[in-house]
Structures are given as C-alpha cells and as structure tokens.
Amino acid sequence: MGQGKDAGHCGTTPSLVPMQAPKACSGKCMGSCAKASRVWVVAACEGMLSLFEKKKDGHLRLMPQSDHSLFPSLEVFRDMLLSAEERNLFDQLIIVGSGNDIAWVQMSLPSIVSKRIVAEIQYPLVVGWFRQGEALPQLTQALENVFTV
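Quick summary incoming for the structure in this document. The residue numbers shown here count from 1 along each chain, following its written sequence. In keeping with the model being predicted, local features are shown solely for residues with a pLDDT of at least 70 and side-chain atom pairs are shown and tallied solely at 80 or more, while totals for entire chains, interfaces and linings include all residues. Side-chain numbers come from the whole structure's heavy atoms, not from hydrogens or water.

1. Section: the overall build of the chain
Piece 1. Per the secondary structure count, the chain includes 4 helices and 5 strands.
Piece 2. Strands are runs of DSSP state E lasting at least 2 residues, helices are runs of H or I lasting at least 4, and numbering of each runs from the N terminus. For the chain, the sequential pattern of α-helices and β-strands runs β-β-β-α-β-α-α-β-α.
Piece 3. Sorting the 149 residues of the chain into buried and exposed places 42% on the buried side.
Piece 4. Taking the contacts inside the chain whose residues are at least 6 apart along the sequence as the reference set, 69% of them involve residues at least 24 apart.
Piece 5. Total accessible area on the chain stands at roughly 8,000 Å², and carbon and sulfur atoms take up 53% of it. Burial classes: relative accessible area under 20% of the type maximum marks a residue as buried, over 50% as exposed, and values in between as partly exposed (1.4 Å probe, protein chains only). Working rule for contacts: check all heavy atoms of both residues, and any pair within 4.5 Å makes them a contact. Here, Shrake-Rupley sampling with a 1.4 Å probe gives the accessible areas, and only protein chains in the shown set may cover a residue.

2. Some words on the pairing of strand E1 (residues 39–45)
Piece 1. Counting buried positions along E1 gives 7 out of 7 residues, so the element sits mostly inside the fold.
Piece 2. On E1, burial covers both faces: Val39, Val41, Ala43 and Cys45 on one face and Trp40, Val42 and Ala44 on the other are all buried.
Piece 3. Only strands joined by at least two bridges in the DSSP assignment are considered to pair. Strand direction decides the pairing type here: E1 and strand E2 (residues 48–54), joined by 7 bridges, are antiparallel. Across the sheet, the residue bridging to Val39 is Lys54, located in E2.

3. Focus on the sheet that holds E2
Backbone hydrogen bonds hold the strands of a sheet together, and the pairing may be parallel or antiparallel.
Piece 1. Spatially, 5 strands are ordered E3-E2-E1-E4-E5 in an open sheet, and the strand pairing comes out mixed. Of all strands in the sheet, those with a lone pairing partner are strand E3 (60–62) and strand E5 (117–122), marking the two edges. Going from strand to strand, the sheet's axes swing by 25° on average, the running direction of each strand aside.
Piece 2. Axis angles are defined between N-to-C directions and span 0 to 180 degrees, where every axis is a line fitted to C-alpha atoms and, for a helix, only to the segment in contact. Contacts between helix H4 (residues 137–148) and the sheet are confined to E1, E2, E3, strand E4 (92–97) and E5, with E2 contributing the most and set at about 55° to the helix.

4. As for the environment of Gly128
Piece 1. Within the secondary structure layout, Gly128 lies in the loop between E5 and H4.
Piece 2. The spatial distance from the C-alpha of Gly128 to the C-alpha of Leu139 is 8.8 Å, given a sequence separation of 11 residues.

5. Overview of H4
Piece 1. In this model, H4 (12 residues) spans 16 Å end to end at C-alpha, consistent with the 16 Å of a helix rising 1.5 Å per residue.
Piece 2. Each element contacted by the buried residues of H4 is listed here: E1, E2, E3, E4 and E5. A helix is expected to span 1.5 Å for every residue after the first.

6. Quick word on the side chain of Arg116
Piece 1. Positionally, Arg116 belongs in the loop between helix H3 (111–114) and E5.
Piece 2. Relative accessible area serves as the criterion here: at 16%, Arg116 is assigned to the buried category.
Piece 3. Polar contacts here mean pairs of N or O atoms no more than 3.5 Å apart (in protein, one a potential hydrogen donor and the other a potential acceptor; neighbouring residues in sequence count only if both atoms are side-chain atoms). In this structure the side chain of Arg116 is engaged in a polar contact, spanning 3.4 Å, whose partner is the side chain of Asn88.

Written out as structure tokens, the structure is:
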C-alpha cells in the first residue's frame with residue numbers, strides 16, 4: 001500500500017471500493033446490557049494491520065497470523081474477521097489509527113463484521129511500531145495507553 005506524506009506517521013488511503021454498512025451500537029446501552037467480554041482491537045497504519053485482543057485487566061494480547069504480527073494482505077484480514085464473526089469469537093471491534101486509516105479499514109470490512117464496530121479511535125500510530133518484529137512492544141504499549149487514559 002502507499003506511503004503517506006509523513007513517513008513517521010500513518011495516514012494513507014488505499015484504493016478500495018466502498019461498502020456501505022450499518023453502524024454498530026455506540027457502546028452506550030439503554031436499559032440493561034451485558035458487558036462485552038471479547039473485544040478485539042485493530043491497529044491500522046499505511047496499509048499495515050495488526051489485531052489485538054483486549055483482556056479484562058486492560059492489557060492487549062497480539063493475535064499473530066501464522067508466524068507474522070501483521071496481516072500479509074487486506075484480503076487475509078477480511079477473511080479472518082469474517083470467519084471469526086461467523087464462529088462468534090468476538091463481541092466488539094475497535095479500530096485505532098489515523099482518520100484515513102480508520103476509513104479504509106471500515107470500508108473494507110463485510111457489513112456483518114462492521115456491525116461489531118463500537119469505536120473508532122483516531123490516534124497517531126507510528127510506522128516504525130509496526131516494524132519491530134513479532135511482539136510489536138511499542139505498538140502494544142501505545143494502544144494500551146489509549147485505553148487507560
């Protein structure tokens with residue numbers, strides 16, 4: 001995928017055909033609702049995608065794909081999320097990245113997966129965080145900080 005103007009921060013928009021999907025619950029429940037126990041976090045930056053599981057203690061666990069911390073393609077990412085949704089492996093999905101990155105991720109998701117999006121958090125992720133090897137320690141720490149503030 002392309003390079004943004006600032007090589008240190010994310011903000012590119014890959015060329016995709018937009019898919020219209022209804023929005024998920026905002027997370028502000030009226031009446032009684034159960035607290036979601038299975039929250040997945042998508043980190044997006046210049047075409048790079050990583051997926052994390054948010055644990056009850058606030059920490060994030062990287063969910064690597066095979067032996068990679070990043071998804072090898074958008075198609076693999078979409079197929080994995082669709083399969084996970086069909087098997088009911090997660091309740092809520094949160095997307096973190098620049099406004100452009102959030103937009104292309106959301107547009108690329110099948111509508112059934114988009115219904116699980118509960119938050120889109122604009123946060124300046126750094127390209128280098130996605131290139132730190134298998135554990136992605138700085139990306140994980142930055143995302144954890146987003147949820148503790």
